[in-house]
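Given next are the chains, with one letter for each unit.
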There are 2 protein chains.
Amino acid sequence: MASIHDVAQRSGVSTATVSRALRGLPNVSPVTRQRVQEAADALGYIPSPSASGLSSGRTGAVAVVVPSLTRWFFTEVVEGVDAALRVEGYDTFLVDLAVRPGERERLFSHTLLRKRADAVIALGIRFTGAERSELRSLPVPVAIVGAPLAGLRGIGVDDAAVSRSAIQHLVDLGHHRIAHVGGHDRFGLDRSVADLRERAWRAELRDRGLPLLDHWFASGGFLLPQSKAAALTMLQRPDRPTGVFAGSDEMAFGVLLAAAELGIRVPEDLSVVGIDDHSWSAAFHLTTVRQDPHEQGAAAAAMVLAQLAGTPPPIAPIAAPHELIVRGTTAAAARSRRLPADRDA
Amino acid sequence: MASIHDVAQRSGVSTATVSRALRGLPNVSPVTRQRVQEAADALGYIPSPSASGLSSGRTGAVAVVVPSLTRWFFTEVVEGVDAALRVEGYDTFLVDLAVRPGERERLFSHTLLRKRADAVIALGIRFTGAERSELRSLPVPVAIVGAPLAGLRGIGVDDAAVSRSAIQHLVDLGHHRIAHVGGHDRFGLDRSVADLRERAWRAELRDRGLPLLDHWFASGGFLLPQSKAAALTMLQRPDRPTGVFAGSDEMAFGVLLAAAELGIRVPEDLSVVGIDDHSWSAAFHLTTVRQDPHEQGAAAAAMVLAQLAGTPPPIAPIAAPHELIVRGTTAAAARSRRLPADRDA
DNA sequence: ATGAAAGCGCTAACAC
DNA sequence: GTGTTAGCGCTTTCAT
C-alpha cells in the first residue's frame, strides 16, 4: 500500500507537490506533474479516503437514502445517482430504510449522513416534520427525488399532472367509471406521492362530474400482489369500473393479473393505465405515463455535485418530464356498458 | 460538530478515556463511562469515520459489488447484506457495475474496495481470471454470493441441484419435451449461474434419454421482455415443448406472458417452472424452486463480519437451501400431446 | 513552482 | 482505571 510519501520519494518532490500534481491543481510544472503521475502509477498509489477526508473535510461519498430497494422506481433512481456520481469520482453510500424500520429517528443528523457523506440524496420518502427541519439544516447539500419539499432542491414529476394525464386519457376514450389503485407502502415511507396521485384522481372525477364510489379506491401499497388482491375484490363487484388508473405500473400489473383471472378482457371490458413505464410494461402492453427515474437520479446527483463545486443551483424543485404512452391496455369504453349491473361471465 | 476533545473536556477525562468508554472497551470504571456517555449525548457527539479510520485502519464500511440493481435477486441480497451489516454498525457501500460497464478492470484493487471498505461482498458476477486472483489476494475479507469460487468464502444454492429439482418435477408430471429459457445477462456479468443451469438442463435431459432440440433453448438474458420474445418464437414452432424450465422467475413470467398471448393454456397445454420464488411469483401462480437471497446476503455479511472479528469461518462455500414450491403453472402432461405436430389454435 | 510544517480527529501503545 | 504521546496519510497555509 503505497502512500503519498512513497510517491514523493520516488519522484523526488515533496508530498505537497504530489498532492497538488495528482489532483490537477495549478502551480505544478507539466514535467513535475508528469513525473509524479508516473511514480504514482508505478507504485499503484491510491490516496486514502480516510486521510484526505480527515484533512480536507470531504469524504468523496454521497449518501442515498431509499425507503426500499425492491421497487423498480427506487432501483432506477439509485443507478442513475450512482452513475452520475461515479463520473465525478464520488462513491455511493446506501442507506436503506427498509432494513431498519425502527431506526428513522435522528436519521439525518446521524453518523452516516453527517460524517460519511458530503451530500445526501433522499428518495420517495414522506418526511416527518422533524426530519424536514433536520434536512433543511443539514450542513451538507441535499436533494430530493420525488414529491418536492419546500426549501429544498429536488426533482420529480408533477404528480397531479401525471395523474390528470392518465385520467384524461381514459375520459377521452369515453370512460365514466374510473377506479384507482394506489395507497401508501408498507413502511408509510412514500405516502406523499401516493396521496398526491389519489387526491388528483378524486379531484379529476369530481371536477368532471364523474361518479366516485368508495370502493373504486383500492390500496395496492405499491406492490403487485397486494394490488392484484385488491383488484380481485373490486372487479368482482356488480358496479365495477370500466377503467382503472393505477398509481404505478407495478400496481397496474396486479390489476391486469386480476382481470385475466376473472376472465375480464383487457382492453375490451376494462381499460388500465399506470404510471412509470416500468421496464416490463411494454411486455404487458400497458398504457402508462412514462417518467425516467434514472434520469431523475442523475439530475439529483448533478444538483448536489454542483453545490459541492460551489455553484449551487436555485432552490426550486424542478419538474421532471412525463409522457403518456398509449399501448394495448386501454380502449374506448364499450357503449353497452352503461348499466351498473351488466357484466359478462 | 463536537469532537472527542469536547467530550473529554465536558466529562473531565482524557480523549483516550472517552474513546475507550464510548467503544465499550474494558478498563473504564462504570461511573466514568456513564459520565462520558452523558457528555457525548449532551454534545451530540458522533465520531468521525475518517479520523477513526485513519488511525485504526478500519473504515467501518463494507463494499457490495453488484452486476446491476434491477434484478430482484440482487436487490434482495443487497438488502440482506445491509440489514446484517447495520446491526453490527457497519455501513454499506454500493458498487454497481451496471453503471460503468467499461470500468471493470482493476476493479477490486481499486480505491473503493481497497481503502473505503473493510471487506467486500460480490454477487452474481462471472469473474475473469485476473479478477479471481485479485479477489483471492485482496487484503480484506471477501465473500461471494452466487456461484462458488474455489478458495473464497461464499454462499449460494447448488445450481445443478436446483435445476434438477425443477426438471424432475416436470418429468414426474409426465413431461418429455422440456425446453429451457436461460442465458447470460447483458453485461456478461452473470454467466456462471446461467451456465450452470443450462448445463444441468442439458445433462438431465441427456441422462434421461429425453429429446433435446436446439430450439428448445432460448436466451432470456434474465430479463422478462427478452424472455417473452424468445418464448414467443419457441412456442410458435410446431414441435413446441410441453414444459418449460426457466432459469429465473422473471424469465418464467415472460414465458407466461408469451403463452397467454398465443392462447396456450397454462398449465393445461404448457407447464412452466422457474427458480427463485420472486415476490410476485405467487400472484402468477408460478411453480418454482425457492431460494432466499435476503438470507444469503445476510449470511455473506456474517462471514466477512466473522473474519473482521478475528474468527474466520472455514473457506468452504456453503450451500444455501432451496425448495420446490408447486403452484398452478405445472400439471400433468396431456397424454394426447405426443405427436410432434399436434397443437391447438 | 515547490517545500516545510501544522494539523484534521481519532486510536493505540505505553506509562502511571 | 486513566492520562500522555505518537502517529495514521493526507491537505493546506505560509514561506521561499
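Residues numbered from 1 in each chain as written. Chains lettered and ligands numbered in written order. Predicted model: local features only at pLDDT ≥ 70, side-chain atom pairs only at ≥ 80, totals over all residues. Heavy atoms only, no water.

1. Things to note about the relation of the copies chain B and chain A
Then, number 1: Overlaying chain B on chain A yields an RMSD of 0.1 Å, the required transformation being a rotation through 180 degrees with an accompanying axial translation of 0.0 Å. What we have between these two chains is a two-fold relation.
Then, number 2: A share of 98% of interface residues in chain B that are also interface residues in chain A marks the association as one of identical surfaces. (Least-squares fit on C-alpha atoms with pLDDT ≥ 70 in both. Contact = heavy atoms within 4.5 Å.)

2. Overview of the confidence of the model for chain A
Then, number 1: Per-residue pLDDT for chain A has a mean of 90; in total, 90% of the residues score no lower than 70.
Then, number 2: Confidence over residues 336-345 of chain A falls short of pLDDT 50; this stretch has 22 contacts with residues more than four positions distant or in other chains. (pLDDT = per-residue confidence, 0-100.)

3. Description of the interface of chain B and chain A
Then, number 1: Each side of the interface is counted separately: chain B has 55 residues, and chain A has 54 residues.
Then, number 2: Taking both partners together, chain B and chain A bury about 4700 Å²; carbon and sulfur atoms supply 63% of that area.
Then, number 3: By the criterion of area lost to chain A, the three top residues of chain B are Ile46, Lys115 and Trp280 of chain B, representing 16% of everything that side buries.
Then, number 4: Seen at the junction of chain B and chain A, the total is two salt bridges.
Then, number 5: Across the pair Asp91 of chain B and Arg116 of chain A runs a salt bridge whose closest N-O atoms are separated by 2.5 Å.
Then, number 6: Our enumeration of links across chain B and chain A arrives at 19 residue pairs in polar contact (both at pLDDT 80 or more).
Then, number 7: Those elements that place two or more of their residues in the side of chain B that touches chain A are α4 (49-56), α5 (72-87), β2 (91-96), α6 (111-116), α10 (224-235) and α11 (249-262) of chain B.
Then, number 8: Per element, the largest residue contribution to the side of chain B that touches chain A is seven residues, and it comes from α5 of chain B.
Then, number 9: Per-class residue counts for the side of chain B that touches chain A are 25 nonpolar, 16 polar and 14 charged.
Then, number 10: Taken together, the three bridges between strand β2 (residues 91-96) of chain A and β2 of chain B define a ladder with antiparallel strand orientation. When the sheet's bridge partners are listed, Thr92 of chain A is paired in β2 of chain B with Leu94 of chain B. (Buried area = accessible area lost by both parts, 1.4 Å probe. Salt bridge = Lys/Arg side-chain N within 4 Å of Asp/Glu carboxyl O. Polar contact = N/O pair within 3.5 Å; in protein donor to acceptor, adjacent residues only side chain to side chain. Helix = DSSP H or I, 4+ residues; strand = E, 2+ residues; numbered from the N terminus. Nonpolar A, V, L, I, M, F, W, Y, C, P; charged D, E, K, R; others polar. Pairing = 2+ DSSP bridges.)

4. Focus: the pairing of strand β5 (residues 153-156) of chain A
Residue and element names in this part refer to chain A.
Then, number 1: Side chains Arg153 and Ile155 of β5 all project onto a buried face; the interleaved residues Gly154 and Gly156 project onto the opposite face, where all are buried too.
Then, number 2: Direction of pairing for strand β4 (residues 142-145) relative to β5: parallel, over a ladder of three bridges. The partner of Ile144 across the bridge, within β5, is Gly154.
Then, number 3: As defined by bridge partners, β5 adjoins strand β11 (residues 318-319) across two bridges and the pair is classed as parallel. Bridge pairing in β11 places Gly156 opposite Ala319. (Buried < 20%, exposed > 50% of the residue type's maximum accessible area, 1.4 Å probe, protein only.)

5. Some remarks on the protein's contact with DNA strand C
Then, number 1: Around DNA strand C there are 26 residues in total, and Thr32 of chain A together with Ile4, Ser19, Tyr45 and Ser55 of chain B lie nearest to it.
Then, number 2: Sugar and phosphate atoms constitute 69% of the interface atoms of DNA strand C, taking the interface as everything within 4 Å of the protein.
Then, number 3: Between DNA strand C and Asn27 of chain A, the relevant distance is 2.7 Å, taken from a phosphate oxygen to a side-chain nitrogen or oxygen of the residue.
Then, number 4: Sorting the residues of the surface near DNA strand C by element identifies α2 (15-22) and α4 (49-56) of chain A together with α2 (15-23) and α4 of chain B as the ones contributing at least two each.
Then, number 5: Of the residues that constitute the surface near DNA strand C, the class distribution is nine nonpolar, 13 polar and four charged. (Near = heavy atom within 4 Å.)

6. Side note on helix α1 (residues 4-11) of chain B
Residue and element names in this part refer to chain B.
Then, number 1: For α1, every residue scored as buried is listed here: Val7, Ala8 and Ser11. Taken around the axis of α1, the buried residues stretch over an arc of 100 degrees, which confines them to a single face. The exposed residues of α1 that point more than 90 degrees off its buried face are His5, Gln9 and Arg10.
Then, number 2: Next to the buried residues of α1 lie α2 and α3 (30-43). (Arc of directions from axis to C-beta.)

7. Concerning the packing of helix α1 (residues 4-11) of chain A against helix α3 (residues 30-43) of chain A
All names here are of chain A.
Then, number 1: In the contact formed by α1 and α3, the axes pass within 9 Å of each other and the chain directions differ by 125 degrees. Taken together, the axes of α1 and α3 are oblique relative to one another. Of the two elements, α1 crosses α3, and the hand of that crossing is right-handed. Residue-level inspection shows Asp6, Val7, Arg10 and Ser11 of α1 in contact with α3, the latter providing Arg35, Val36, Ala39, Ala40, Ala42 and Leu43.
Then, number 2: In terms of residue class, the contact of α1 with α3 is built from six nonpolar, one polar and three charged. (Axes fitted to C-alpha atoms, helices over the stretch in contact; angles between N-to-C directions. Parallel < 35°, antiparallel > 145°, perpendicular 65-115°, else oblique. Left-handed = near helix turned anticlockwise from the far one by under 90°.)

8. Quick look at the packing of aromatic side chains
Then, number 1: This structure, assessed with the given rule, holds 11 aromatic pairs over all chains.
Then, number 2: Seen from their ring centres, Phe73 of chain A and Phe74 of chain A are 5.8 Å apart, and the 80 degrees between their planes marks the pair as edge-to-face.
Then, number 3: Overall, the relative accessible area of 1% leaves Phe74 of chain A in the buried class.
Then, number 4: Grouping aromatic residues by their ring pairs yields a cluster made of Phe253, Trp280 and Phe284 of chain A together with Phe253, Trp280 and Phe284 of chain B.
Then, number 5: The ring of Phe222 of chain A carries the charged tip of Arg71 of chain A above its face, separated from the ring centre by 3.9 Å. (Phe/Tyr/Trp six-rings, centres within 6.5 Å; stacked < 30°, edge-to-face > 60°. Lys NZ or Arg CZ within 6 Å of the ring centre and 35° of its normal.)

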